[in-house]
Amino acid sequence: MEEKIIGVMGAMPEEIRLLYEKMTDRGEETAAGVTFYTGVLAGRRTVLCCAGMGKVNAACGAQLLITKFGAGALIFSGIAGNMTDKIGVGDVVIGKTLLYHDAERRMIAESWPHLQEFTGDAAMIAAAEAACAEAGVKYIVGKIATGDDFVGDSATKNAIAAKCAPDCVEMEGAAVAHVAAKYGAPCVVLRAMSDNADENAYETLVAKPFDISEYCTTAAKICEGLIGRL
Ligand code: ADE
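Residues numbered from 1 in each chain as written. Predicted model: local features only at pLDDT ≥ 70, side-chain atom pairs only at ≥ 80, totals over all residues. Heavy atoms only, no water.

If you had to explain the site of the ligand to someone new, which residues and values would you point to?
Around the ligand, the surrounding shell consists of Ile79, Ala80, Gly81, Asp149, Phe150, Val151, Val169, Glu170, Met171, Ser194, Asp195 and Ala197. Val151 has a polar backbone atom sitting 2.8 Å from a nitrogen atom of the ligand. Take Asp195: an N or O atom from its side chain is 2.6 Å from a nitrogen atom of the ligand. Within the complex, the protein chains bury 96% of what would otherwise be the 260 Å² of accessible surface of the ligand. Of all the secondary-structure elements, those providing two or more residues to the shell around the ligand are strand 5 (71–82), strand 9 (168–170) and strand 10 (187–195). Examining the composition of the shell around the ligand, we find that 3 residues originate from one element, strand 5, more than from any other. (Near = heavy atom within 4 Å. Polar contact = N/O pair within 3.5 Å; in protein donor to acceptor, adjacent residues only side chain to side chain. Areas by Shrake-Rupley, 256 points an atom, 1.4 Å probe, with all protein chains shown as cover. Helix = DSSP H or I, 4+ residues; strand = E, 2+ residues; numbered from the N terminus.)

Outline the nonpolar core, supporting the account with residue identities and numerical values.
In a soluble, globular protein the nonpolar side chains are often hidden away together inside. Core analysis: the biggest nonpolar cluster contains 36 residues, and Met9, Phe36, Cys49, Leu65, Leu74, Val93 and Val176 have the highest contact counts within it. In this structure, Val176 is in contact with Met9, Ala58, Ala62, Leu74 and Phe76, ignoring residues within four places of it in sequence. Counting residues in each nonpolar core, the second largest holds 34 residues, with Met124, Cys132, Ala192 and Cys223 among its members. (Core = buried A, V, L, I, M, F, W, Y, C linked by side-chain atoms within 4.5 Å. Buried < 20%, exposed > 50% of the residue type's maximum accessible area, 1.4 Å probe, protein only. Contact = heavy atoms within 4.5 Å.)

Can you tell me about the packing of helix 4 (residues 122–135) against helix 8 (residues 212–228), naming the residues and giving the values?
Viewed as axis vectors pointing N to C, helix 4 and helix 8 meet at an angle of 130°, and their least axial separation amounts to 8 Å. Taken together, helix 4 and helix 8 sit at an angle that is classed as oblique. Note on packing geometry: the crossing formed by helix 4 with helix 8 is right-handed. When helix 4 is examined against helix 8, the residues Met124, Ala127, Ala128, Ala131, Cys132 and Ala135 are found in contact with a partner set consisting of Lys221, Ile222, Gly225 and Leu226. Broken down by class, the residue content of the contact of helix 4 with helix 8 amounts to 8 nonpolar, 1 polar and 1 charged. (Axes fitted to C-alpha atoms, helices over the stretch in contact; angles between N-to-C directions. Parallel < 35°, antiparallel > 145°, perpendicular 65-115°, else oblique. Left-handed = near helix turned anticlockwise from the far one by under 90°. Nonpolar A, V, L, I, M, F, W, Y, C, P; charged D, E, K, R; others polar.)

Break down helix 6 (residues 173–183) for me, citing the residues and quoting the values.
Burial runs high along helix 6: 8 of the 11 residues are buried. Immediately beyond the C-terminal end of helix 6, within one or two residues, lies Gly184, with a positive phi of roughly 65°.

Any chance you could break down unusual backbone geometry for me, citing the residues and the numbers?
Residues Trp112 and Pro113 are joined by a peptide bond in cis, for which omega reads 10°. Mapped onto the elements, Pro113 comes out in the loop between helix 3 (105–108) and strand 7 (118–119). For Asp25, which is not glycine, the phi dihedral falls at a positive 55°. On the accessibility criterion, Asp25 (66% relative accessible area) is exposed. The residue Ala197 is not glycine, and still its phi comes out positive at about 55°. Note on placement: Ala197 falls in the loop between strand 10 and helix 7 (201–207). Overall, the relative accessible area of 0% leaves Ala197 in the buried class.

Can you tell me about the pairing of strand 2 (residues 24–31), naming the residues and giving the values?
The pairing of strand 2 with strand 3 (residues 34–41) spans 6 bridges and is classified as antiparallel. Residue Gly27 lies in a different strand from strand 3, and its bridge partner there is Thr38. (Pairing = 2+ DSSP bridges.)

So what about the pattern of salt bridges? Which residues, and what values?
The final tally for this structure, using the stated rule, is 12 salt bridges. Across the salt bridge formed by Glu104 and Arg106, the nearest N and O atoms sit 3.6 Å from each other. A relative accessible area of 59% means that Arg106 is categorised as exposed. If you follow the salt bridges from partner to partner, you end up with Glu14, Arg17 and Glu21 in one network. (Salt bridge = Lys/Arg side-chain N within 4 Å of Asp/Glu carboxyl O.)

Here you go:
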C-alpha cells in the first residue's frame, strides 16, 4: 500500500520554519500564493504550509494539500482564544468537534458531506494526546468554534458561548475539518490558548505576554511527535 502523505498547516510561519528545518529531502512549490514545503519528517512524507488566516485561506490550503500535494491526512496547529475554565493560557485544546459559530450551519449541511459539525479523527486525537503528554503540555480534547472574526469582547464571547459552548474560538479549524470531511481524509486540529477572547485578547496577542516563539517551539515538538505516531 502506498504511504500516506501528511499535510501540516500552521498558523505561524515560525512554526512551519522549525518543522521545515527538521525535514529531510526538502523541496518547495508555490500554489495560490502559498508556499508548500515537501519532505520527510519523523519518518513520514510530509507537506507543510502556512495558508493564512480565516476560513477561505484555510479551506484553500487544505484543498491544495489534498488534491495537489496528495495529503491523505491533515494536521492544523495554531493559537486560539480560551472559552473554558478547564484550562488557561498556554494550554492546548485538541479538537474532537469543530463547528462554525458565524454561519448558517443547516444550509451549509445541505451540501456534501451533510454535516453541521465536523470531527477530529480518533487515532490522530490519540496520537496528539500522547505527543502533548510527551511534551509536558496540559491539554483537553474538546469543542472548537471557528469564525472569520477575531473575538475580542465579552459580549461576542458570551453570545458564542450561548450559541455553541465551545472550549475555544479561532478562525480556521472547522474549515480545515470541513474540507477534510469532503475528501474523507482524517484530520486533527491543535490549538494553544493565547488569550481569553475578551477585551484584553488583542492586546495580549500584540503586547505578547503570550510568547509566540516559545509556543512555536512547543507546537513544532507536538506536531513532530504526532506525525511520528501516525
Ligand atoms: N486566535 C487567537 N485568539 C483568538 C481570538 N480571541 N479569536 C479568534 N481567533 C483567535
